[in-house]
Amino acid sequence: MRDAPRSPVDPGDDHVPATPAAPRRRVDTWSVLRVVVRAFGLLSLAYWGYLAWPYPFPAVFFIVGAPLFAAVVWYLFRSPRSPIETDVVGKSVVETALVVAAGATWVSLGHPLVGLVFVVVAAVSGVVAFRRETA
């Protein structure tokens, strides 16, 4: 007896079960706002380095160094995949320091309203993120 042709979707002896898919992250308004706040904070630090220091050498160091330092500190202590375990208080202190630093750059550049709005938006998104993490 001859085997009937098999369709690609028919399971056979050589069928390998599919691996379970990784859980999808929930994307909503608050998570998008968190990404925008982080990106604006890093860009604020780079912009401060550009305007506050004489170009080329010290400015280039601060344009690259300030956001890079903030990103490394955030990754080490605040990110969901951070290699250093930190409690809630430590995470709050690190995030507050980074937000205040980014807001202070705008105050030092002569735009205190931009700095204040940034700090308020970052604080609200931080409180919402904190409530979600602890719930």
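Everything discussed here concerns the structure shown above.
Definitions and limits used
Residues numbered from 1 in each chain as written. Predicted model: local features only at pLDDT ≥ 70, side-chain atom pairs only at ≥ 80, totals over all residues. Heavy atoms only, no water. Salt bridge = Lys/Arg side-chain N within 4 Å of Asp/Glu carboxyl O. Helix = DSSP H or I, 4+ residues; strand = E, 2+ residues; numbered from the N terminus. Buried < 20%, exposed > 50% of the residue type's maximum accessible area, 1.4 Å probe, protein only. Axes fitted to C-alpha atoms, helices over the stretch in contact; angles between N-to-C directions. Parallel < 35°, antiparallel > 145°, perpendicular 65-115°, else oblique. Left-handed = near helix turned anticlockwise from the far one by under 90°. Contact = heavy atoms within 4.5 Å. Nonpolar A, V, L, I, M, F, W, Y, C, P; charged D, E, K, R; others polar. Polar contact = N/O pair within 3.5 Å; in protein donor to acceptor, adjacent residues only side chain to side chain.

Undergrad: For this particular structure, what's the right way to read the pattern of salt bridges?
TA: When the charged atoms of two side chains lie near each other, side chains of opposite charge can form a pair. Scanning the model with the defined rule gives three salt bridges in all. Measuring nitrogen to oxygen at the nearest pair gives 2.6 Å for the salt bridge that ties Glu95 to Arg34. With Glu95 in helix H3 (residues 88-108) and Arg34 in helix H1 (residues 29-52), this pair connects stretches of sequence that are 61 residues apart. Under the relative-accessibility criterion, Glu95 is labelled buried at 15%. By relative accessible area, Arg34 is classed as buried at 9%. Ionic pairing is found between Arg78 and Glu95, a salt bridge with its closest N-O pair at 2.7 Å. Note that Arg78 is positioned in the loop between helix H2 (57-77) and H3 and Glu95 in helix H3, a separation of 17 residues in sequence. An identical accessibility class is assigned to Arg78 and Glu95; each is buried.

Undergrad: Explain the packing of H3 against helix H4 (residues 112-134) to me, please; I cannot follow it from the model alone.
TA: Helix-helix packing is described using two parameters, namely the angle between the two axes and the distance between the axes. Following both chains from N to C, one finds H3 and H4 inclined at 160 degrees, their axes separated by 7 Å at the closest point. Judged on the interaxial angle alone, H4 and H3 are roughly antiparallel. For the crossing formed where H3 meets H4, the hand is right-handed. Facing Val88, Glu95, Val99, Ala102, Gly103, Trp106 and Val107 of H3, the residues of H4 in contact are Pro112, Val114, Gly115, Phe118, Val119, Ala122, Gly126 and Phe130. Along the lines of polarity and charge, the residues of the contact of H3 with H4 split into 11 nonpolar, three polar and one charged.

Undergrad: I'm lost on the side chain of Ser125 in this one. Help?
TA: Residue placement: Ser125 occurs in helix H4. In terms of polar contacts, Ser125 uses its side chain to reach the backbone carbonyl oxygen of Ala122, at 3.0 Å. Every residue in contact with Ser125, bar those within four places of it in the chain, is listed here: Trp30, Leu33, Arg34 and Val37.

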